[in-house]
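In case you want the letters, here they are:
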Amino acid sequence: MADLEYTVEGGVGTILLNRPHAKNAFTLEMIDAWAAALRSARTDPDVRVVVVTGAGGAFCSGIDLSVLDAVGAEPMALKTMLTEGVHQVARAADDLTKPLIAAVNGAAVGAGLDMALMCDIRILAESARLSEAYIRVGLVPGDGGCYYLPRLVGMSKALELLWTGDFVDAAEALRIGLANAVHPDDEFADGYRRFADRLAAQPPINVAMIKRAAQQSVHSDLRTALDLISSHLAVVHGTRDSAEARAAFAERRTPTFEGR
């Protein structure tokens with residue numbers, strides 16, 4: 001079986017990190033496949049939601065240390081490995097206009113946590129444990145942790161977690177805004193799949209425009225954001241899916257969306 005598997009079923013694309021013996025630590029080959037899966041999902045009309053999860057008892061323990069050993073200590077070689085290799089996933093995730101869900105089934109550590117942070121939604125199993133553990137091994141967060149974490153939990157809490165490398169359990173992650181939901185381990189797979197299916201049933205053009213408008217608003221002033229959303233609303237109103245939603249609402253039935 002491949003170290004990373006990508007499957008599509010019922011409108012949901014699932015990226016499975018499949019190295020349970022290594023707690024799903026990723027290799028550069030996995031990174032290439034991961035980014036390729038996200039790029040494929042972006043343009044595939046059969047995919048409306050993407051889920052990233054891990055096999056076995058872990059989500060992802062970060063980069064496989066053998067990769068760092070192979071690159072060596074030369075600064076530019078390491079920088080190139082990150083920017084041209086590992087950071088492919090962050091860029092592909094940022095380009096994805098569809099919902100991206102991290103289904104965190106166990107430990108998410110270092111770059112493994114960063115990979116979860118770059119998703120739109122994080123759903124955790126009760127056994128999940130999260131840590132920005134870079135400082136424990138004499139490094140700094142190399143995969144976006146210093147970007148994503150303050151935006152989710154605020155600067156002060158983010159710095160605490162980045163400086164200490166402390167582990168956060170699922171309940172605490174939910175409390176501080178790192179998780180959107182937590183499910184018992186034996187209900188976890190059904191729980192995140194129900195949510196993914198719910199998003200997949202929404203009108204895809206609306207979902208994409210809402211995601212982009214929300215992301216862009218972080219970097220915009222109010223008037224710019226209002227101007228953008230007025231254009232989005234006008235475009236969406238003229239789509240077949242919008243007409244179907246209004247008709248289904250009036251007729252009290254479940255709508256069916258085509259993505260047009």
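Quick caveat: nothing in here was measured; it's all calculated off a predicted structure.

**Q** Any chance you could explain the side chain of Thr239 here in plain terms?
**A** Considering the arrangement of structural elements, one finds Thr239 in the loop between α11 (222-237) and α12 (240-251). The contacts of Thr239, once residues within four sequence positions are left out, are Ile205 and Arg260.

**Q** Where do I start with the layout of surface pockets in this structure?
**A** Unoccupied space between atoms shows up once a probe the size of one water molecule is rolled over them. What the largest pocket holds in volume is close to 870 Å³. Considering the residues around the largest pocket, the lining is formed by 30 residues, among which Met118, Cys119, Asp120, Lys211 and Gln215 are closest to the centre. Every element with two or more residues in the lining of the largest pocket is listed here: α4 (88-95), β7 (121-125), α6 (145-153) and α10 (204-217). Here the lining of the largest pocket takes eight residues from α10, the largest share from any one element. Within the lining of the largest pocket, the residues separate by chemical class into 16 nonpolar, seven polar and seven charged. Computed from the structure, the second largest pocket encloses a volume of approximately 560 Å³. Around the second largest pocket sit 26 residues that line it, and Ile63, Leu65, Leu68, Tyr134 and Leu139 are the ones nearest its centre. For the lining of the second largest pocket, the elements supplying multiple residues, two or more each, are α2 (65-71) and α3 (75-86). For the lining of the second largest pocket, the leading source of residues is α3, giving six residues.

**Q** It is not clear to me how the pairing of strand β2 (residues 12-17) should be interpreted in this structure. Could you clarify?
**A** Buried residues dominate β2, accounting for five of its six residues. Where strand β1 (residues 4-9) lies against β2, six bridges are found, and the strand directions are antiparallel. Residue pairing for β2: Leu4 is matched across the bridge by Leu17. Counting the residues in the hairpin turn of β1 and β2 gives two residues, including Gly10, whose phi is positive at 60 degrees.

**Q** How should I be thinking about the packing of α3 against α4 in this particular structure?
**A** Each pair of packed helices can be summarised by the angle the axes make with each other and by the distance between the axes. Contact geometry of α3 with α4 gives a least axis separation of 5 Å together with a crossing angle of 30 degrees. Judged by the inter-axis angle, α3 sits roughly parallel to α4. The residues of α4 that touch α3, namely those facing Thr83, Glu84, Gly85 and Val86, are Gln88, Val89, Ala90 and Arg91. Among the residues making up the contact of α3 with α4, the classes are represented as three nonpolar, three polar and two charged.

**Q** What's the story with a negative patch on the surface in this structure? I'm lost.
**A** Together, Glu126, Asp185, Asp186, Glu187 and Asp190 line one region of the surface with negative charge. With respect to the secondary-structure elements, Asp185 resides in the loop between β10 (181-183) and α9 (188-200).

**Q** Please clarify how the sheet that holds strand β9 (residues 168-169) should be interpreted in this entry.
**A** Strand pairing in a sheet relies on backbone hydrogen bonds. The paired strands run either parallel or antiparallel. One open sheet holds the four strands; their spatial order is β4-β6-β8-β9, and the pairing between them is mixed. With one partner strand each, in any of the chains shown, β4 (58-60) and β9 form the two edges of the open sheet. Relative to β9, strand β8 (residues 129-131) runs antiparallel, the two being bridged by two bridges. Within β9, the residue paired with Arg129 across the bridge is Asp169.

**Q** Which parts of the structure should I look at to understand the pattern of salt bridges?
**A** Between side chains of opposite charge, a pair can form as their charged atoms come close. The full count for this structure, using the stated rule, is 10 salt bridges. Put simply, Arg253 and Glu244 hold a salt bridge, and the shortest N to O gap is 2.7 Å. A relative accessible area of 17% places Glu244 in the buried class. Each of Asp3, Arg19 and Asp64 takes part in one network of salt bridges that share partners.

**Q** Would you mind showing me how to read the sheet that holds β2 here?
**A** Strand order in the open sheet formed by six strands is β1-β2-β3-β5-β7-β10, with mixed pairing between adjacent strands. Looking at which strands have only one partner, the edges of the open sheet turn out to be β1 and β10. Between one strand axis and the next, the sheet turns through 20 degrees on average, direction left out of account.

**Q** How should α3 be read in this particular structure?
**A** The α-helix advances 3.6 residues per turn, and as a result positions three or four apart in sequence lie on the same side. The terminal C-alpha atoms of α3, which comprises 12 residues, lie 15 Å apart, in line with the 16 Å expected from a rise of 1.5 Å per residue. If you check which residues of α3 are buried, you get Met81, Gly85 and Val86. Mapping the buried residues of α3 onto a view down its axis gives an arc of 65 degrees, with all of them on the same face. The outward face of α3, more than 90 degrees from its buried face, is lined by the exposed residues Pro75 and Glu84.

Quick notes on the rules
- Residues numbered from 1 in each chain as written.
- Predicted model: local features only at pLDDT ≥ 70, side-chain atom pairs only at ≥ 80, totals over all residues.
- Heavy atoms only, no water.
- Helix = DSSP H or I, 4+ residues; strand = E, 2+ residues; numbered from the N terminus.
- Contact = heavy atoms within 4.5 Å.
- 1 Å grid on protein atoms, 1.4 Å probe; cavity = no way out; pocket = protein on both sides within 12 Å on 5 of 7 lines; lining within 4 Å.
- Points joined across faces, edges and corners; volume = space filled by probe spheres on them.
- Nonpolar A, V, L, I, M, F, W, Y, C, P; charged D, E, K, R; others polar.
- Buried < 20%, exposed > 50% of the residue type's maximum accessible area, 1.4 Å probe, protein only.
- Pairing = 2+ DSSP bridges.
- Axes fitted to C-alpha atoms, helices over the stretch in contact; angles between N-to-C directions.
- Parallel < 35°, antiparallel > 145°, perpendicular 65-115°, else oblique.
- Patch = residues over 30% accessible without salt bridge, like charges linked within 9 Å, V, L, I, M, F, W, Y side chains within 5 Å.
- Areas by Shrake-Rupley, 256 points an atom, 1.4 Å probe, with all protein chains shown as cover.
- Salt bridge = Lys/Arg side-chain N within 4 Å of Asp/Glu carboxyl O.
- Lys, Arg positive; Asp, Glu negative; His and termini not counted.
- Charge placed at Lys NZ, Arg CZ, Asp CG, Glu CD.
- Expected span 1.5 Å × (residues − 1).
- Arc of directions from axis to C-beta.

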